[in-house]
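# Working through the structure, step by step
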Amino acid sequence: MKRRNFLNGLMVGAAALGTSVAVRPLRTWAQVAAANTSPASRSLSIGYRTIDVMGRSAQVFGLVRPDGRPGLEVEAGTDFDLSLSSAIDEPTLIHWHGLTPPWAADGVPDNPAALLRPTEIRRYTFPVGTGGTHWMHAHTLQEQNLLAAPLIVRTSDELKRDEQDVVVLLHDFSFQSPEELLAKLKGKAASGGMAMDHSAMSGITGMQHMMSGKGMAGMTMPGMPAMDLNDIDYDAYLANDRTLDDPEIVTVEKGGRVRLRIINGATATAFTIDTGRLSGELVAVDGQGIEPVGGTSFPVSMGQRLDIRVSLPKDGGAFPVLFIREGAVERAGVILATRGADVRRIAIAGDTEGPVLGLDLEQRLRPVAPIASRTADRRFRLSLTGDMAAYGWSIDGADGLVVKRGERVEVAISNASMMAHPMHLHGHHFQVIGINGTPVAGAVRDTVLLPPMANVVLGFDADNPGRWPFHCHHLYHMATGMMAYVTYNGIG
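## Regarding the overall build of the protein chain
- Along the backbone of the protein chain there are five helices and 31 strands.
- Buried positions account for 57% of the 492 residues belonging to the protein chain.
- Accessible surface for the protein chain amounts to roughly 18300 Å². Of this, 50% is attributable to carbon and sulfur atoms.

Following this line, the structure appears as structure tokens:
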């Protein structure tokens, strides 16, 4: 029997110990391993659902198939032939993060498509492209209320591979509305709690080349503010809709191999993935293959995806996979467990704070399929800045991001602010070709992290005409100005 189908949909029996985890039925992403990828299944509905968070009920959004399962799986090389309907009482729209659709299907409100109205049905048809771990989400504040789901594109080789898929969507959750959260951020800034303006940042941009890829974690200098890691302290941190006090328990096979497809769908929180007793092998980032990198600790910022392969010992057991909040003790997690394993409770708060994300791993990544080598036809220089006193963010130098079809484009980006920014480009995949002044043959991605005072250079081919958003995937940074557009000549 193929391990990827082993006991799919079954649950682990926890040992009858006082500290063991109670098991309850699941219908979440980690169980969608042998999914129907036929065109007949390709319809999605936006609706409401209720989840339990820390003993309280919360109404959130959802993206479900006709059979009630969340998310979508399609086969590489086919057409993305999908009907999207809405059963909520407000306009919305979905962005297919990681795919490269034609511009009209991108899913950003009024760029160029209008919002999807309640009860409206909209048809999408375009080539899916190659395989990968992707996701889909609202490109509005609705994303905070969990209007997001996995979007997995499988290759024929993956369907034959003797391994089990476990898909994990991470999120940060608040009982407050996103509008309230944004208002508090602006109020905190106005009260002076986040006081830092452009003049304060202008004197520190010269430090960029002093950094070795670790950002400015924990660094302070006279007259400089400390790095600001987390704008929002959320009520909970979720892995597949569940907190660590009631985690998803995924049945795995003794001696089996598991591919963890981890999606950071959080709106304002970065995590470090801790595979614990299982040694991991990172094999893809943002849905694009890389030369394997081993380890047990892997950083993932907002909008990014990591595929990590782990092998289970032949004697089985329970193996927590934790997602530790950056610079804090809170964590989410799922548990991989063989049948009959003793599954123990794990505290939501750990003993140590999660690592601050830097570029150490990014510098080590090498793509399986790099972009073709050629001289750039067009180069741009951008600077990420912010006015913390007013809680406003911007991309300086982005007004002239105009390209022509067929050009090789290079974009050099410097982060002149004291917060990290995961920068996402729609409609394209880019290669990281420079980090902190050093040329690299880095990973092919669609979202790259820029820690404070860091700089990266991206290269991509202008092969998909449109007016494509390029923005920070921190929802509240994007909503307050850190969004630009790569515009093809003659578009818009």
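Read on, since the account is not over.
## Focus on the pattern of salt bridges
- Counted by the stated rule, this structure contains 29 salt bridges.
- Two residues, Arg259 and Asp307, come together in a salt bridge whose shortest N-O distance is 3.0 Å. Placement of the pair is Arg259 in strand E12 (residues 257-264) and Asp307 in strand E17 (residues 305-311), with a sequence separation of 48 residues. Of the two residues, Arg259 and Asp307, both sit in the buried class.
- When the shortest N-O distance is used, the salt bridge between Asp307 and Arg261 registers 3.5 Å. One end of the pair, Asp307, is in strand E17; the other, Arg261, is in strand E12, and 46 residues separate them in sequence.
- Judged by its relative accessible area of 2%, Asp307 is buried.
- The exposure class assigned to Arg261 is buried, which follows from its relative accessible area of 1%.
- Here the salt bridges do not stand alone but share partners, grouping Glu73, Arg154, Glu158, Arg161, Glu163, Asp165, Arg257, Arg259, Arg261, Glu281, Asp307 and Arg309 into one network.

## Quick notes on unusual backbone geometry
- Pro112 follows Asn111 through a cis peptide bond whose omega is -5°.
- Among the secondary structure elements, Pro112 is positioned in the loop between strand E5 (94-97) and strand E6 (121-124).
- The backbone of Met54 shows a phi angle near 55°, a positive value even though the residue is not glycine.
- Checked against the element boundaries, Met54 lands in the loop between strand E1 (43-53) and strand E2 (56-64).
- Accessibility expressed as a relative area gives 41% for Met54, which makes it partly exposed.
- Of note, Leu146 is a non-glycine position whose phi angle comes to about 65°, a positive value.
- Mapped onto the elements of the fold, Leu146 is located in the loop between strand E7 (132-138) and strand E8 (148-154).

## Focus: the side chain of Gln164
- With respect to the helices, strands and loops of the structure, Gln164 is situated in strand E9 (residues 164-173).
- With a relative accessible area of 5%, Gln164 lands in the buried category.
- For Gln164, the side chain forms a polar contact with the main-chain oxygen of Thr251, separated by 2.9 Å.

## Quick look at the sheet that holds strand E15 (residues 288-295)
- Spatial ordering of the open sheet is given by E10-E9-E12-E17-E14-E15, a layout of six strands whose pairing is mixed. Each edge of the sheet is formed by a strand with only one pairing partner; in this case those strands are strand E10 (236-239) and E15. Averaged over all pairs of adjacent strands, the angle between strand axes in this sheet comes to 25°, irrespective of strand direction.
- As defined by bridge partners, E9 adjoins E12 across seven bridges and the pair is classed as parallel.

## Some words on the environment of Gln142
- When you line up the elements, Gln142 lands in the loop between E7 and E8.
- Apart from the residues lying within four places of it in its own chain, the contact partners of Gln142 are Phe61, Ile88, Glu90, Pro91, Thr92 and Leu147.
- One polar contact links Gln142 to Glu90, side chain to side chain, over a distance of 2.8 Å.
- Only 3.0 Å separates the side chain of Gln142 from the backbone oxygen of Pro91, close enough to count as a polar contact.

## Regarding the packing of aromatic side chains
- With the rule as written, the count across this model stands at eight aromatic pairs.
- Ring centres 5.0 Å apart and planes at 65° place the aromatic pair Phe80 and Trp96 in the edge-to-face group. Taken together, the positions of Phe80 in the loop between strand E3 (72-75) and strand E4 (82-86) and Trp96 in strand E5 put the pair 16 residues apart, joining distant regions of the chain.
- On the basis of relative accessible area, Trp96 is assigned to the buried category, the value being 0%.

## Here's the deal with the nonpolar core
- Of all hydrophobic cores here, the largest spans 78 residues; its most connected members are Leu282, Phe323, Leu336 and Tyr476.
- With sequence-adjacent residues up to four places away left out, Tyr476 is seen in contact with Leu141, Gln144, Pro178, Leu181, Leu182, Leu185, Ile232, Tyr234, Thr267, Ala268, Tyr391 and Trp393.
- Among the nonpolar cores identified, the runner-up in size contains 26 residues, and Phe61, Phe80, Leu84 and Trp96 belong to it.

## Some points on the sheet that holds strand E28 (residues 447-450)
- Pairing within the open sheet is mixed, and its five strands lie in the order E22-E31-E30-E24-E28. The open sheet has two edge strands, strand E22 (402-403) and E28, and neither has a second partner.
- Looking at chain direction, strand E24 (residues 421-425) and E28 are connected through four bridges and run antiparallel. Its bridge partner lying in E28, His421 is registered against Leu450.

## So, empty space enclosed by the protein
- Within the structure shown, the criterion is met by 10 cavities of 30 Å³ or more.
- A volume near 110 Å³ is recorded for the largest cavity.
- Leu229, Ala270, Met302, Glu326 and Ala420 are the residues nearest the centre of the largest cavity, which is lined by 16 residues in total.
- By residue class, the composition of the lining of the largest cavity is 10 nonpolar, four polar and two charged.
- By volume, the second largest cavity amounts to about 90 Å³.
- Residue lining of the second largest cavity: Pro299, Ser301, Gln304, Leu357, Gly358, Leu359, Leu361, Glu362, Arg445 and Leu449, and that is the complete set.
- Per-class residue counts for the lining of the second largest cavity are five nonpolar, three polar and two charged.

## Digging into the side chain of Asp172
- Among the structural elements, Asp172 can be located in strand E9.
- With no salt bridge to any partner, buried Asp172 finds its closest opposite charge in Arg325, at an N-O distance of 7.4 Å.
- Among the polar contacts made by the side chain of Asp172, one reaches the side chain of His171 at a distance of 3.5 Å.
- Within polar-contact distance, the side chain of Asp172 engages the backbone nitrogen of Ala268 at 3.0 Å.

What counts, and where the lines are drawn
Residues numbered from 1 in each chain as written. Predicted model: local features only at pLDDT ≥ 70, side-chain atom pairs only at ≥ 80, totals over all residues. Heavy atoms only, no water. Helix = DSSP H or I, 4+ residues; strand = E, 2+ residues; numbered from the N terminus. Buried < 20%, exposed > 50% of the residue type's maximum accessible area, 1.4 Å probe, protein only. Areas by Shrake-Rupley, 256 points an atom, 1.4 Å probe, with all protein chains shown as cover. Salt bridge = Lys/Arg side-chain N within 4 Å of Asp/Glu carboxyl O. Polar contact = N/O pair within 3.5 Å; in protein donor to acceptor, adjacent residues only side chain to side chain. Pairing = 2+ DSSP bridges. Axes fitted to C-alpha atoms, helices over the stretch in contact; angles between N-to-C directions. Contact = heavy atoms within 4.5 Å. Phe/Tyr/Trp six-rings, centres within 6.5 Å; stacked < 30°, edge-to-face > 60°. Core = buried A, V, L, I, M, F, W, Y, C linked by side-chain atoms within 4.5 Å. 1 Å grid on protein atoms, 1.4 Å probe; cavity = no way out; pocket = protein on both sides within 12 Å on 5 of 7 lines; lining within 4 Å. Points joined across faces, edges and corners; volume = space filled by probe spheres on them. Nonpolar A, V, L, I, M, F, W, Y, C, P; charged D, E, K, R; others polar. Lys, Arg positive; Asp, Glu negative; His and termini not counted.

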